Amino acid sequence: MCAVFQFQNKIFKSGGMITARSQRGIVNHVWAGFARHEILDWWRNQGAMLLDIHAGSFAERSDQTRRLIWDLVPENRVIRGVLHIQSPNLLIKIVTRAATSLEVERFHHPRMPLLAEPLFGVNPPEVEGQYPIEGLF
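Residues numbered from 1 in each chain as written. Predicted model: local features only at pLDDT ≥ 70, side-chain atom pairs only at ≥ 80, totals over all residues. Heavy atoms only, no water.

(A) Focus on the side chain of Glu 103. Topologically, Glu 103 is positioned in helix 2 (residues 101–107). A polar side-chain atom of Glu 103 sits 2.8 Å from the main-chain amide nitrogen of Thr 100. Apart from the residues lying within four places of it in its own chain, the contact partners of Glu 103 are Arg 97, Ala 98, His 108 and Met 112. (Helix = DSSP H or I, 4+ residues; strand = E, 2+ residues; numbered from the N terminus. Polar contact = N/O pair within 3.5 Å; in protein donor to acceptor, adjacent residues only side chain to side chain. Contact = heavy atoms within 4.5 Å.)

(B) Focus on the confidence of the model for the protein chain. Within the protein chain, residue pLDDT values average 89, and 88% of them lie at 70 or more. For the stretch residues 131–137, pLDDT sits under 50, and the model shows twelve contacts to residues farther than four places along the chain or on other chains. (pLDDT = per-residue confidence, 0-100.)

(C) Representation of the environment of Ser 57. In this fold, Ser 57 is placed in strand 6 (residues 57–61). Judged by relative accessible area, which is 9%, Ser 57 ranks as buried. The spatial distance from the C-alpha of Ser 57 to the C-alpha of Gln 6 is 5.3 Å, given a sequence separation of 51 residues. (Buried < 20%, exposed > 50% of the residue type's maximum accessible area, 1.4 Å probe, protein only.)

(D) Just the packing of aromatic side chains, in detail. The tally for this structure, following the rule as stated, stands at five aromatic pairs. Ring centres of Phe 5 and Trp 31 lie 5.7 Å apart, and the angle between their planes is 40°; this geometry places the pair in the tilted category. Residue Phe 5 is located in strand 1 (residues 4–7), and its partner Trp 31 is located in strand 4 (residues 25–36); the two are separated by 26 residues in the primary sequence. Here Phe 5 and Trp 31 have matching classes, each one buried. Measuring from ring centre to ring centre gives 6.0 Å for Phe 58 and Phe 107, while their planes differ by 20°; the resulting arrangement is stacked. Placement of Phe 58 in strand 6 and of Phe 107 in helix 2 is noted, with a sequence separation of 49 residues between them. As far as the burial class goes, Phe 58 and Phe 107 line up, both buried. (Phe/Tyr/Trp six-rings, centres within 6.5 Å; stacked < 30°, edge-to-face > 60°.)

Printed below as a string of structure tokens:
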């Protein structure tokens, strides 16, 4: 699902503020859960706006060991997010997809973040980090 992600030497996790790019520009809101790729059309019909979340790497928490297992985000990809703009509380959700059998074997988790080509430009926004990398481990 994406337990945490790293960007500009800072770590971000659910419950904290994250920065993303949208069709309206840069947005900063709380990361509050996940949206399944399989029902992304439903989210969009409910007023969700697609987001580009820049990241250098992400980690899944193994269902077996509870440890974080890291992987790089390719340079030409972002983590896809959605922002429900018709909700009174603007919250960001990370879009997830079913893990492949090789990913399940490696990460011990059935869901992965959706990594996609940026929709709103390739230049990442400047962000304030929630956690310094050293404080996470």
